[in-house]
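Chain and residue survey
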Number of protein chains: 2
Amino acid sequence: MTSPVPRRNTGQSTIASVAAEAEVSVPTVSKVLNGRPGVSDATRARVEAVMRERDFRRSARGPAPARVPLVDLAFHELSSTWSIEIIRGVEAAAADAGASVVVSEFSGKRRPQQSWMDAVLARRPVGVILVLSALEEQQQHQLESRSIPFVVLDTAGELPPGVATVGSNNWNGGLVATRHLVELGHRRIAVISGPEDLLCSRARIDGFRSALGAAGLAVHADLIVHGTFEIEAGYEHARRMLVRQDRPTAIFAGSDLQAIGVLRAAAELGLAVPRDLSVVGYDNLPVTQWFSPALTTVNQPLKAMASAATTMLMQLARGEKPALSRIDLATDLVVRESTAPPLSGSI
Amino acid sequence: MTSPVPRRNTGQSTIASVAAEAEVSVPTVSKVLNGRPGVSDATRARVEAVMRERDFRRSARGPAPARVPLVDLAFHELSSTWSIEIIRGVEAAAADAGASVVVSEFSGKRRPQQSWMDAVLARRPVGVILVLSALEEQQQHQLESRSIPFVVLDTAGELPPGVATVGSNNWNGGLVATRHLVELGHRRIAVISGPEDLLCSRARIDGFRSALGAAGLAVHADLIVHGTFEIEAGYEHARRMLVRQDRPTAIFAGSDLQAIGVLRAAAELGLAVPRDLSVVGYDNLPVTQWFSPALTTVNQPLKAMASAATTMLMQLARGEKPALSRIDLATDLVVRESTAPPLSGSI
C-alpha cells in the first residue's frame, strides 16, 4: 500500500512562500495545513486564501503520512441497512488495498462541519468518500491543497465538473419500475421520491414520467410527492394517498425503507398487497426478499457502488487519472410478490 | 482530547532491555511494537515473549501517537441494522470525546487476524472495541504491552477476569419473553437461540427454562435450537418446526433478523401471526415496529451499550479504572402485535 502521490505543485509555492505572503510564521501555515488548533479564524482564512491563490499543493516531502493508510467514509446520516451495505463495500475494497476505514456521520447535514474537516486534515487519509453529501467549494479546496483526493457516492446536487462521483442509473430505475407497473395494467401510479434537492430523486421521477409518456398515459401531478428516504416518509405519504377516493392502485417508493412504510400504511387501512395495491421499492436491501409479500424493488448495487468509489479513490491517491470521473452503475428491476395487476374494478 | 496515558511499566523494562534480552536490535523491537513489516515470524515471537515475560509496557515517551485520536471498532461480521445501531452509538460517544472511529470486520471470524492486529499496533488507537468477538491471549498481551486498552461488547464466550465488557441482561431477556408467552397461555414454546458458543445465547435459554420452570411447565428439549443470528437461520428452523404435527404455538427467536425468517416461514405455510403462531424477536431494531404485525421483541439497548463501551474505553485510555469492569444494561419486553393467546384447539 502506497501513500498518496500528490499532484504537481502547479504554483511552485512552498510553505515558506505561503507564510511570507500571508505574513505568518511557517509553523502557523503548518498548523493550518494539518488542521491543528492554535490559529485564529482570521489567520486561518488568510492562509487558506493564499494557498488557494497560489494553487498550493502539499508535496510528498511534507510531514510523514499516517503509518496505516486510512480512508475516510462520511455519511450525511447513518441509517439502517442502507448504510451498512456501503460500509461493507468500502471496507472490503479498502482492506484489499491494505487500508482501514474511518466512518463518520454529519448528523443529517449535507455539508461537513469544520471540526470534521480539521480531523481529516490532521489524520491525512489516503482519501475521502462522501455519501449523499458534498463539500463547500472552500472545503473542496482545503482537501485539494493537502493532496487528499475525494469521491462522492451518489450526488446531493450539482457537482463542479471534474469531481469524481459514483452513482447508479437512477433515471433507468424510475423507468423500469414504472414500465413494470404500466405493463401490469396500472393507470393511477403514485411515486414517492427522495428529497427534491437530490439529483437522484429528480432523475427517478424523470424516468417515471418517461415510462408513462411512452405508454401514452397522463402524469398526475398530485401523485408525485417527495420525502426523506426513511420509513416514516413512506408511511405518511401512503396514509394520505390511500384514503383518497381516487387512490392510486400502485405506489413506486424512493427507497425500500419508504416501501416498508407504505406496506404498513396499506395493512392499517385493510388493503392487501398486491391485490389492492402494488408496491415497488428501491435499493434491493437484502432483507426485502424475506418480507411477506417479498418486495418488488429496483436493484441499486450499493455494495458495488461503494467498492467502485473506493477503487477510484485509490487511483486518485496514486496520482492516476481515472478513465471516467463519473461512473453510473446499472440498475434493474427485481420482480417479486408485491406487484400484480390491479383489481378490474379499481382501474 | 488526550492521548492514552499508559499504565505503569511494572517490569521497568525498556525497549533497549527487551532488545538485549531477545538478542535483536532496538529498531527491530520498535518494528514489532508498531506492527511494521521486515521482521521474521520467529524474531517477532521471541520479542513478544520477552515483552510478556518482563511485563513490558510502552511508555508515554515512545513515538508520537496519531495526531487525531482513533477508536478501533471491530465486528466479527457487519450485518444489517444490528451493526449500524452499534456504529452509531460508538461514533456519537467517540465524537463527543474528539475521536474518530475506524470500522473493521473479521469476515465472520470470532478472533482477529494478525493483519488486523498489525494495523492496530501501527495506528495506535485510543483503544479497541470488539463486538461479539474476543482476542487470543497472546493478542490480548500485544495490546496490553502497547498500552492500548480494549473493551468487549457482549461476549463471545468466557473472558479472562478483568477484561472490560459491556453487555445486556440476556438471562432476563429470555425470562421476560418466555413469561409473556406463558401468561398468554402458550404451552408448546420453541426457542431459536444464537450460536451455542456464545454466552448470550446460553443465558437467554437459561432465562427461558426458568420462566417455564416457574410456571411448572416442562422444557421440551426438541424445541430448543441454535443458529446464527441471521434471517436464514430463523427461516430454516421455523420451516422444520412448523410442519410438525405437534408444532409449537409460539417461537421465541434469538434476534429480530431470525424473527423475520420465522415470519416468512409462517406466511409460506399459511399460518397467520399471531392467530396461529406467536413470535417474539430479540434486539428491538427500529424497523420492527413497522412490520405487519409489528413485532413483539426484547429491547436490547444496542446504541446505549455501544455508547457505554466507548465511555469505558475512554476511561481506560486516560489510565482510570472504571468502577465496574463488567456492565450489563437492562433488557425489557416490548409487546406489539405478533403475540396473542393460542387458538384453543392448538394447546
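Bear in mind that the values here come from a model prediction, so they are computed numbers and not experimental data. (Residues numbered from 1 in each chain as written. Chains lettered and ligands numbered in written order. Predicted model: local features only at pLDDT ≥ 70, side-chain atom pairs only at ≥ 80, totals over all residues.)

1. Here we look at the relation of the copies chain B and chain A
Both copies of the chain are related by a screw-like operation: a rotation about an axis and a shift along it. In the superposition of chain B on chain A (RMSD 0.1 Å, axial shift 0.0 Å), the rotation amounts to 180°. On the angle and the small slide along the axis, the relation comes out as a two-fold axis. No C-alpha of chain B lies nearer the rotation axis than that of Val 102 of chain B, which sits 2.1 Å from it. When the interface residues of chain B are mapped onto chain A, 100% of them are again interface residues, pointing to one common binding face. (Least-squares fit on C-alpha atoms with pLDDT ≥ 70 in both. Contact = placed C-beta atoms within 7 Å.)

2. Section: the packing of helix H4 (residues 80–96) of chain A against helix H11 (residues 302–317) of chain A
Residue and element names in this part refer to chain A. Two elements in contact, H4 and H11, have axes whose closest approach is 7 Å; the angle formed by their N-to-C orientations is 40°. The pairing of H4 with H11 is recorded here as oblique in orientation. With respect to the hand of their crossing, H4 and H11 are arranged in right-handed fashion. The segment H4 lies against H11, with Trp 82, Glu 85, Ile 86, Arg 88, Gly 89, Val 90, Ala 92, Ala 93 and Ala 94 engaging Leu 302, Lys 303, Ala 304, Met 305, Ala 306, Ser 307, Thr 310 and Thr 311. Here the contact of H4 with H11 is composed, by residue class, of ten nonpolar, four polar and three charged. (Axes fitted to C-alpha atoms, helices over the stretch in contact; angles between N-to-C directions. Helix = DSSP H or I, 4+ residues; strand = E, 2+ residues; numbered from the N terminus. Parallel < 35°, antiparallel > 145°, perpendicular 65-115°, else oblique. Left-handed = near helix turned anticlockwise from the far one by under 90°. Nonpolar A, V, L, I, M, F, W, Y, C, P; charged D, E, K, R; others polar.)

3. Thoughts on the interface of chain B and chain A
At the junction of the two partners, chain B supplies 29 residues and chain A supplies 29 residues. Of all the secondary structure elements, the ones that give two or more residues to the side of chain B that touches chain A are helix H4 (80–96), strand E2 (100–105), helix H5 (114–123) and helix H10 (256–268) of chain B. Where strand E2 (residues 100–105) of chain A lies against E2 of chain B, three bridges are found, and the strand directions are antiparallel. Looking at the pairing, Val 101 of chain A lines up with Val 103 of chain B of E2 of chain B. (Pairing = 2+ DSSP bridges.)

4. Comments concerning the environment of Val 101 of chain A
Turning to its location among the elements, Val 101 of chain A is positioned in strand E2. Overall, Val 101 of chain A belongs to the buried group, with 23 C-beta atoms counted inside 10 Å. In the structure, Val 101 of chain A is positioned eleven residues away from Val 90 of chain A in sequence and 7.5 Å away in space, judged by C-alpha atoms. Discounting residues that sit within four places of it in the chain, Val 101 of chain A has contacts with Val 71, Leu 73, Val 90, Glu 91 and Ala 94 of chain A together with Val 102 and Val 103 of chain B. (Buried ≥ 20, exposed ≤ 12 C-beta atoms within 10 Å, placed from the backbone.)

5. Description of the sheet that holds strand E1 (residues 70–75) of chain B
Strand order in the open sheet made by the twelve strands is E11(A)-E5(A)-E4(A)-E3(A)-E1(A)-E2(A)-E2(B)-E1(B)-E3(B)-E4(B)-E5(B)-E11(B), with mixed pairing throughout. The sheet terminates laterally at strand E11 (326–329) of chain A together with strand E11 (326–329) of chain B, the two strands that pair on one side only. Averaged over neighbouring strand pairs, the angle between their axes works out to 20° when direction is ignored. Across six bridges, E1 of chain B lies against E2 of chain B in parallel orientation. Paired with Phe 75 of chain B across the strands is Glu 105 of chain B, a residue of E2 of chain B.

6. Some thoughts on the sheet that holds strand E9 (residues 278–283) of chain A
All names here are of chain A. Within the open sheet, the six strands sit side by side as E7-E6-E8-E9-E10-E12. Their pairing is mixed. Each end of this open sheet is capped by a strand with a single partner; those strands are strand E7 (224–226) and strand E12 (332–334). Sheet twist, expressed as the mean angle between neighbouring strand axes with direction ignored, is 20°. Here strand E8 (residues 250–253) runs beside E9; their pairing, made up of three bridges, is parallel. Opposite Ile 251, over in E9, you have Val 279 as the bridge partner. Running at roughly 150° to strand E6 (residues 189–193), helix H9 (residues 231–242) makes contact with E6, E7 and E8 of the sheet.

7. Focus on the domain arrangement of chain A
Residues and elements named next belong to chain A. Once the domains are mapped, chain A shows domain 1 (1–61), domain 2 (62–168 + 303–329) and domain 3 (170–301 + 332–346). Look at where the C-alpha atoms of domain 2 and domain 3 centre, and you get two points 31 Å apart. Counting residues at the interface gives 14 residues for domain 2 and twelve residues for domain 3. Breaking the side of domain 2 that touches domain 3 down by element, the ones donating at least two residues are H4, strand E5 (164–168) and H11. The residue inventory of the side of domain 2 that touches domain 3, partitioned by class, reads five nonpolar, seven polar and two charged. (Domains from an automatic or database assignment.)

8. Notes on the pairing of strand E8 (residues 250–253) of chain B
Residues and elements named next belong to chain B. Neither face of E8 is exposed, since Ala 250 and Phe 252 on one face and Ile 251 and Ala 253 on the opposite face are all buried. Relative to E8, strand E6 (residues 189–193) is paired through four bridges, and the arrangement is parallel. Its bridge partner being in E8, Ile 192 is matched across the sheet by Ala 253. What joins E8 to strand E9 (residues 278–283) is H10, and the crossover it makes is right-handed. (Right-handed = clockwise from strand over helix to strand, strands pointing away.)

9. Re the nonpolar core
Looking at soluble globular proteins, one finds that nonpolar side chains tend to be buried together. Residues Ile 129 and Leu 153 of chain A together with Ile 129 and Leu 153 of chain B are the most contacted members of the largest nonpolar core, which totals 116 residues. Apart from residues no more than four positions distant in its own chain, Leu 153 of chain B is found in contact with Ile 86, Ile 129, Leu 130, Val 131, Val 166, Met 305, Ala 306 and Ala 309 of chain B. Membership of the second largest hydrophobic core comes to 43 residues, among which are Ile 192, Phe 252, Val 262 and Val 273 of chain B. (Core = buried A, V, L, I, M, F, W, Y, C linked by C-beta atoms within 7 Å.)

10. Overview of helix H1 (residues 15–22) of chain A
Residue and element names in this part refer to chain A. Of the positions making up H1, those classed as buried are Ile 15, Val 18 and Ala 22. Down the axis of H1, the smallest arc covering the buried residues is 65°, so these residues share one side. Among the structural elements, helix H2 (26–33) and helix H3 (41–53) are those in contact with the buried residues of H1. Following H1 by one or two positions, Glu 23 has its phi on the positive side, about 60°. (Arc of directions from axis to C-beta.)

11. Quick notes on the packing of helix H1 (residues 15–22) of chain B against helix H3 (residues 41–53) of chain B
All names here are of chain B. One way to put it is that H1 packs onto H3 with a least axis distance of 9 Å and a crossing angle of 125°. By the angle class used here, H1 and H3 are oblique. For the pair H1 and H3, the crossing hand works out as right-handed. For the pair H1 and H3, the contacting residues are Val 18, Glu 21 and Ala 22 in the first and Arg 46, Val 47, Val 50 and Met 51 in the second. Of the residues assigned to the contact of H1 with H3, the class counts are five nonpolar, no polar and two charged.

12. Points about helix H8 (residues 199–214) of chain B
Residue and element names in this part refer to chain B. An ideal rise of 1.5 Å per residue puts 22 Å on 16 residues; H8 measures up with 22 Å between its terminal C-alpha atoms. Inspection of H8 places Cys 200, Ser 201, Ala 203, Arg 204, Ile 205, Gly 207, Phe 208, Ala 211 and Leu 212 among the buried residues, and these make up the whole buried set. Next to the buried residues of H8 lie strand E5 (164–168), helix H7 (170–184), E6, strand E7 (224–226) and E8. Just beyond H8, the residue with positive phi is Gly 216, at close to 70°. (Expected span 1.5 Å × (residues − 1).)

13. A closer look at the environment of Gly 234 of chain A
All names here are of chain A. Along the polypeptide, Gly 234 turns up in helix H9. Taking the C-beta count within 10 Å as the criterion, Gly 234 has 30 such neighbours and is therefore assigned buried. Note: C-alpha distance between Gly 234 and Arg 204 (30 residues apart in sequence) is 16 Å. Beyond its immediate chain neighbours, meaning those up to four positions away, Gly 234 contacts Ile 192, Ala 253, Leu 257, Gln 258, Ala 259, Ile 260, Gly 261 and Val 262.

14. Section: the pairing of strand E3 (residues 127–131) of chain B
Residues and elements named next belong to chain B. Counting buried positions over the five residues of E3 gives five, a clear majority of the element. Judged from the five bridges that link them, E1 and E3 form a sheet pairing that is parallel. Of the residues in E3, the one forming a bridge with Val 71 is Gly 127. Pairing of E3 with strand E4 (residues 150–153) involves four bridges; the strand directions are parallel. Paired with Val 131 across the bridge in E4 is Leu 153. Crossover handedness for the path E3 to helix H6 (residues 137–145) to E4: right-handed.

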